[in-house]
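Each chain, written out:
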Amino acid sequence: MGVVALLATLFVPLVGSVVLLFIDREQVKAIKVTALVVTVGTFLASLFLYPAFDASLSSMQFVIDMPWIASLDAGFRIGLDGTSLLMVLLSTLIMPIAILTSLGPIKKSVKEYYVLMLLLQFGMIGVFMALDTFLFYVFWELILIPMYFIIGIWGGKDRIYAAIKFFLYTLAGSLLMLVAIIWLGLAAKAAGIGFTADLMKLRMIGPTIPMDVQKWLFLAFGLSFFIKVPLFPLHTWLPDAHVQAPTAGSVILAAVLLKLGTYGLIRFNLELFPQASAEFAGVISVLAVVGIIYGALVAMVQTDIKKLVAYSSVSHLGFVVLGIFSLTVEGVQGAVIQMVNHGISTGMLFLCVGVLYERRHTREISEYGGITSVMPRFAVLFAIAMFSSVGLPGLNGFVGEFLTLLGAFRSPFLGSWTYAVIAATGVIFAAVYLLWMYQRVMFGTNDNSENKHLHDLTKNEYWQLVPLAVLIIWIGVAPRTLMTLSEQSVRAVVSKVELYKFGPHAH
Amino acid sequence: MHIDLFGSLPLIVIWLALGAVGIAIQAFVRNNTRLIFGYYAGTLVLTAALALLTSAHKGVTFEGMISLGGFASYFDVLFCFIGLLSMFAARPYLQRENAELDEYYTMLVSAISGMMLMAHANNLLVLFIGIELMSISFYIMAGFLRTNIRSVEAALKYFLLGAFATGFLVYGMALIYGATGSLQYEMILSVVGANASPFPTLLAIGAVFLAVALSFKIAAFPFHQWAPDVYEGSPTVVTAFMSTAGKAAAFSAFIALFAVLMPTSSLMTPKLQLMLAAVSAITMLVGNITAVAQSNVKRMLAYSSVAHAGYLLMGIVAHGTAGYSAIAFYVTSYTFMQLGAFVVVGILERGNEQYLQISDYAGLAKREPVLAFVMAVFMFSLAGIPPFAGFFGKYLLFVAAIEAGYTWLTIVAVVSSVVSAYFYLGLIVKMYFTDSETEHARVSPGLAGVTLAVTTVVSIIMGLFTSQILSIFSSWW
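Notes on the structure follow. (Residues numbered from 1 in each chain as written. Chains lettered and ligands numbered in written order. Predicted model: local features only at pLDDT ≥ 70, side-chain atom pairs only at ≥ 80, totals over all residues. Heavy atoms only, no water.)

Quick notes on the nonpolar core
- Of all hydrophobic cores here, the largest spans 401 residues; its most connected members are Y148 of chain A together with I316 of chain B.
- Contact partners of Y148 of chain A, with chain neighbours within four places excluded, come to A163, I164, F166 and F167 of chain A together with F380, L425, I428, V429 and F433 of chain B. (Core = buried A, V, L, I, M, F, W, Y, C linked by side-chain atoms within 4.5 Å. Buried < 20%, exposed > 50% of the residue type's maximum accessible area, 1.4 Å probe, protein only. Contact = heavy atoms within 4.5 Å.)

Here is the structure:
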């Protein structure tokens, strides 16, 4: 059953986008319904993965391995471990919500929009499933094209600049990754197993590569992922892309696309280059901590809500990177769960910004105030999203941030608790900028005449926000339901890094 | 003298069709371009079919001067196919410009026969005849809109610089003959491979001169200066044909010749490799960086074609089967995407001067959604973005270059690819993200639609069949 569900999850969006091509462009309603049905169907298909998945194993499950380019040993190889399963579930969950939030605002070139959205989903899920470096690269780049058009066609005022910047930044990073992918293949050839793109084989080859080469390969892969995350100081594309993208685009960017970077760090950098990961852990953690503080400080002074949320992502993703490069089980587990959390809570924050933007067509904080009096139900859901992002205990954000900080605190690789202490101030800053923003937007007196008669949430908006709010509380209260999924895979990665750093008798 | 008639069939058929029957038809039939068009289209189909048929029949004939089957057959099929697609694109274009003369198709097929000779050459003189046959046909085609001053200028410029290149070519051949005592490829190879030439300096100069001459033909730095002017001035359908099939032919010659001049055992090989690597690196950087500054679509594509010559040279630098099959794959994908892009330009332009600015493409996605879509596919493919054909070709070239120890060259290629993405995307930005200020009449592609359909489909799905295409190379080599 698992394999069928896996294939369905990957290919239903692709099939859906082809089906959409054959629907007449005037049939707007049919197009929207099809897109929604396809994404909901994909979500349901992905749910079947959950019971079929054996969380007690750290190995890849539901593996499919078919030849593609024989001479280069590139194949159609897909499968899941706990980490990728969580990411796949996150993507399939976010997509129907992104479609729902597009139904109203997207009015021009409706058909093209939904075709691109489904292609985007195909690419995202493919990235999380790929067990072949070549296939991974193809999916990785496949995401660029739809996202580029989504920002460029349906985005805001400076959309063209933002779209090109997004594309070129990502491409610059990923092409160096391509060189590293080829290098790895040739390293496998030198090791006597022939040129290959098979990740499972490369995992065995990676640690045998001499350190001076491994460092370069680590950096080539890393650069492409750090840009995507984005790690300070490679983050400058993000505020532009987030702010200019339509709401659905921002939601997908924040919820899934940034995770591609952190996922890549775990899947490739840690697993393929354990020695180099240990070597670079300190430097990267410094950048992560700088990103946490920098993102928070910049978020604090924003006057545009969407920009504020965008910079909060820079800060939050800093925790994820810090957790990953603490190279401890707690830290990486925290990072994985924080990836899910950030997807849910920041995605929800962007949805809330979208709700306000749809009504007023402005994102300036100063244009709002006292919205609670006219939109009380919205105020509750917005508050849940905001507190989740702050990291309030009892909600999901707390779990992830706590674990990443704990990992960083105890990490034998970082060897100092200062990282954790400085990063922890980021949590306080987050409370400051988010609460202050919430206060200025929602509380106070509603004295702007245009804000006097805003209607509360529509049925569609409930469908977008309520499921996420439920998840926020669920993960906050019972994080183990998700964390057990990724636990074994994370343990395997971390023990591999420990093995190469401290030898077989570390524990 | 023993002549392998069966193996030579593709060459014999195309020349008989051209030199005997074609001339006769044109002498007696007047004002029936349709007949001529059909006749030459049929010739190309027949030639391609014969090339397929004889592909397994490897060997040499005509005193060893012509090699048969395998590698040459692959390129025969490619040239004929591109020629056919170019004819489909040319007919509506020339009709619109009131310049559809029978001679166009004659020159086109004549150029193809020259290209085939280049791919089949196993002797420097045969190569020379092939190159000249192709080039002279190109000079005439470049000036085909003879009342259009830009077209005439392009033809003259191309002719003068081409003549210059021919000088290098012949001089290089003479030096190699002097240094090795033969014009036959296998004889040269045995001398070069054994480092047995009594005049190694002359041999090296000769090899460099041949590289110079071929660099002219593929438009590689620093001999690329003619390309933007000629590509811009020539009728767009001619540019489409020259910049694709012409480049593929020059690379088929490049491969055969430098397989001979750069055997692994030769002491000269590392130096030639380094020289070609430098040429390759500068070519892609110059081509891509200059393309960014262009406002004319044809010039932009011309510089992009220069840059692609740089990428393709990576395969020559890598040499060996991996490099050469990477070239064969990339040049195939390149011909389709570049041809398609020029055909779109040809459909939209008027009179070889109107609607050629990048700004004229504003809002194309609204006016002509299909044309904009296929153009976007070609741009992404040229930029080397998966899943389009261009990416797979680049990947193969990168693998070959890194394996040959040229990682730095690959990194230059990667950097220049990012630069190239900027201007390829620039066109997409115009087409999709901006609105048109002026009114445009609807265009109808006519027969060129067939060309676009084929080139688009190939650009999209070629990557899926990489394995099959590569196995053709390895079994035909």
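Read on, since the account is not over.
Observations regarding the packing of helix α10 (residues 237-244) of chain A against helix α11 (residues 247-272) of chain A
Residues and elements named next belong to chain A.
- Closest axis-to-axis distance for the α10/α11 pair is 8 Å, and the angle between their directions is 140 degrees. The orientation of α10 relative to α11 falls into the category oblique. Taking contact as the criterion, the partners of W237, L238, A241 and H242 in α10 are, on α11, S250, L253, A254 and L258.
- Grouping the constituent residues of the contact of α10 with α11 by class yields six nonpolar, two polar and no charged. (Axes fitted to C-alpha atoms, helices over the stretch in contact; angles between N-to-C directions. Helix = DSSP H or I, 4+ residues; strand = E, 2+ residues; numbered from the N terminus. Parallel < 35°, antiparallel > 145°, perpendicular 65-115°, else oblique. Nonpolar A, V, L, I, M, F, W, Y, C, P; charged D, E, K, R; others polar.)

Focus on the interface of chain A and chain B
- The partner chain B presents 32 residues to the 33 residues of chain A that form the contact.
- Interface area for chain A against chain B, summed over the two sides, is near 3,100 Å², with a carbon-plus-sulfur share of 84%.
- Summed over the three residues of chain A that lose the most area to chain B, namely W68, Y148 and I182 of chain A, the buried surface amounts to 16% of that side.
- Of the charged contacts, one joins K189 of chain A and E403 of chain B as a salt bridge, the two residues approaching to 2.3 Å between their closest N and O atoms.
- Inspection of the chain A/chain B interface yields five residue pairs in polar contact (both at pLDDT 80 or more). (Buried area = accessible area lost by both parts, 1.4 Å probe. Salt bridge = Lys/Arg side-chain N within 4 Å of Asp/Glu carboxyl O. Polar contact = N/O pair within 3.5 Å; in protein donor to acceptor, adjacent residues only side chain to side chain.)

Describing a nonpolar patch on the surface
Residues and elements named next belong to chain B.
- Together, F373, V457, I460, I461, L464 and F465 line one region of the surface with nonpolar side chains, adding up to about 520 Å² of accessible area.
- Take the nonpolar patch: its biggest share by element is three residues, from helix α18 (residues 448-461).
- Structurally, V457 is set in helix α18.
- A relative accessible area of 46% means that V457 is categorised as partly exposed. (Patch = residues over 30% accessible without salt bridge, like charges linked within 9 Å, V, L, I, M, F, W, Y side chains within 5 Å. Areas by Shrake-Rupley, 256 points an atom, 1.4 Å probe, with all protein chains shown as cover.)

Some words on helix α8 (residues 200-218) of chain B
- With 19 residues, α8 of chain B should cover 27 Å at 1.5 Å per step; its first-to-last C-alpha distance of 27 Å lies within 8% of that length.
- Two residues or fewer after α8 of chain B comes A219 of chain B, characterised by a positive phi angle close to 65 degrees. (Expected span 1.5 Å × (residues − 1).)

Quick notes on α11 of chain A
All names here are of chain A.
- Compared with an ideal rise of 1.5 Å per residue, which puts 26 residues at 38 Å, α11 spans 36 Å between its outermost C-alpha atoms and is within 8% of the ideal.
- Maximum bend of α11: about 40 degrees, positioned at L253.
- Most of α11 sits out of view: 26 of its 26 residues are buried. (Bend = angle between axes of the 7 residues up to and from the residue.)

Side note on the side chain of D76 of chain B
Residue and element names in this part refer to chain B.
- As for its placement among the helices and strands, D76 is situated in helix α3 (residues 71-96).
- In this structure, D76 is buried with no salt-bridge partner, the nearest side chain bearing the opposite charge being K58 at 14 Å.
- Ignoring anything within four residues of it in the chain, the contact list for D76 reads P10, A51, M116 and H120. (Lys, Arg positive; Asp, Glu negative; His and termini not counted.)

Focus: the pattern of salt bridges
All names here are of chain A.
- One pass over the full model with this rule turns up 24 salt bridges over all chains.
- Among the salt bridges present, the one from E330 reaches R410, with a minimum N-O distance of 2.4 Å. With E330 in helix α14 (residues 329-360) and R410 in helix α16 (residues 396-410), this residue pair connects regions lying 80 residues apart in the sequence.
- Because the salt bridges share partners, they merge into one network encompassing D65, D73, R77, D132, D198 and K201.

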